[in-house]
Amino acid sequence: MWAVLAVEFVLALWEQQWPLAGIAVATFVMTLAPLVLVSRLGVRLPWSFVVGITAFIFATIYLGEAADFYLRFWWWDGMLHLGSALGFGILGFLLVFMLFQGDRYAAPAWALAFIAFSFAVTIGALWEIFEFAVDSAFGLSMQETGLADTMGDLVVDVIGASAGAAAGWLYLHGRSLGGSAALMQAFIDRNRQLFRKFRK
């Protein structure tokens, strides 16, 4: 994906398509920002997380905006909302589990899952507020069809957040939703200093 952005940047400069070149640079910088942030916090991301973050930003900014995927594919926005809510659900679970230093018996599994769900839905709701504020202030159409678009996004966010929270609950019970258990275990293994009380 980084190679694609580099090639697109060069081609955009060659063809003097300055907005496209700017989007390519902005996308590249935004894919690096989470990596820099977590490294400053002393967190080590597994490559699966890095790839997921990069793919999501690439799909949102470059494919969505520059390649007009939002207009070309009606389901593109919904798919990204579902994926981000699922990711934030898993992230929310890991953050709460980290607060307990990996002690799976410090709180009921349902409580950790509920907090993870709440975290993911809150992120989705804040994003919708951001879209509304930008549309109101600058006359843009990030919400597209207004209320219908907002409510549709929130419904998809709730579905994705539920799946992410369920993945955390299943993990605590020794089961997995797709490959979620391996994903969470990889994060814990790379950050053992943050999960000192973790026992399999």
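Owing to the predicted nature of the structure, the values given are computational and were not obtained by experimental measurement.

Looking now at the pattern of salt bridges. What the rule picks out here adds up to one salt bridge. When the shortest N-O distance is used, the salt bridge between Arg 192 and Asp 189 registers 3.1 Å.

Moving on, we come to the packing of helix α5 (residues 76–99) against helix α7 (residues 147–172). The description of two helices packed together rests on the angle between their axes and the distance between the axes. The interhelical angle for the contact between α5 and α7, taken along N-to-C directions, is 40°, at an axis separation of 7 Å. The angle between the axes of α5 and α7 places the two elements in the oblique class. Note that α5 runs across α7; the crossing there is right-handed.

A surface patch of nonpolar side chains, about 840 Å² in accessible area, is lined by Trp 2, Phe 9, Val 10, Leu 13, Trp 18, Val 25, Phe 28, Val 29, Leu 32 and Val 36. Looking at the nonpolar patch, the elements with two or more residues in it are α1 (2–14) and α2 (18–40). Looking at the nonpolar patch element by element, the count peaks at six residues for α2. Mapped onto the fold, Trp 18 is located in helix α2. With a relative accessible area of 52%, Trp 18 lands in the exposed category.

Right, let's talk about unusual backbone geometry for a bit. What you tend to see is this: most non-glycine residues have negative phi, and most peptide bonds are trans. One non-glycine residue, Gln 16, lies in the positive phi region at around 55°. Locating Gln 16 in the fold gives a position in the loop between α1 and α2. The phi dihedral of Gln 101 is positive, around 55°, even though this residue is not glycine. Mapped onto the secondary structure, Gln 101 falls in the loop between α5 and α6 (109–138). Judged by relative accessible area, Gln 101 falls into the partly exposed class, the value being 31%.

Before going further, it helps to spend a moment on the nonpolar core. By size, the foremost hydrophobic cluster in this structure holds 26 residues, and its most contacted members are Phe 93, Leu 94, Phe 97, Tyr 171 and Phe 187. Top element by residues in this core is α5. It accounts for six residues. Leaving out residues up to four positions away in the same chain, Phe 97 has contacts with Gly 102, Asp 103, Arg 104, Leu 112, Tyr 171, Leu 172, Ile 188, Phe 195 and Phe 198. Within the second largest apolar cluster, twelve residues are counted, among which are Ala 21, Tyr 62, Phe 69 and Leu 80.

This part is about helix α8 (residues 180–190). For α8, the set of buried residues is Ser 180, Ala 181, Met 184, Gln 185, Phe 187 and Ile 188. Mapping the buried residues of α8 onto a view down its axis gives an arc of 160°, with all of them on the same face. Tucked inside the fold, the buried residues of α8 contact α3 (47–66), α5 and α7.

Here α1 crosses α2 at 155°, and the two axes come no closer than 8 Å. By the angle class used here, α1 and α2 are roughly antiparallel. In this structure, α1 meets α2 at a crossing whose hand is left-handed. Residues Trp 2, Leu 5, Glu 8, Phe 9, Ala 12 and Leu 13 of α1 touch α2, and the partners they reach there are Trp 18, Leu 20, Ala 21, Ala 24, Val 25, Thr 27, Phe 28, Thr 31, Leu 32 and Leu 35.

Conventions we followed
- Residues numbered from 1 in each chain as written.
- Predicted model: local features only at pLDDT ≥ 70, side-chain atom pairs only at ≥ 80, totals over all residues.
- Heavy atoms only, no water.
- Salt bridge = Lys/Arg side-chain N within 4 Å of Asp/Glu carboxyl O.
- Axes fitted to C-alpha atoms, helices over the stretch in contact; angles between N-to-C directions.
- Helix = DSSP H or I, 4+ residues; strand = E, 2+ residues; numbered from the N terminus.
- Parallel < 35°, antiparallel > 145°, perpendicular 65-115°, else oblique.
- Left-handed = near helix turned anticlockwise from the far one by under 90°.
- Patch = residues over 30% accessible without salt bridge, like charges linked within 9 Å, V, L, I, M, F, W, Y side chains within 5 Å.
- Areas by Shrake-Rupley, 256 points an atom, 1.4 Å probe, with all protein chains shown as cover.
- Buried < 20%, exposed > 50% of the residue type's maximum accessible area, 1.4 Å probe, protein only.
- Core = buried A, V, L, I, M, F, W, Y, C linked by side-chain atoms within 4.5 Å.
- Contact = heavy atoms within 4.5 Å.
- Arc of directions from axis to C-beta.

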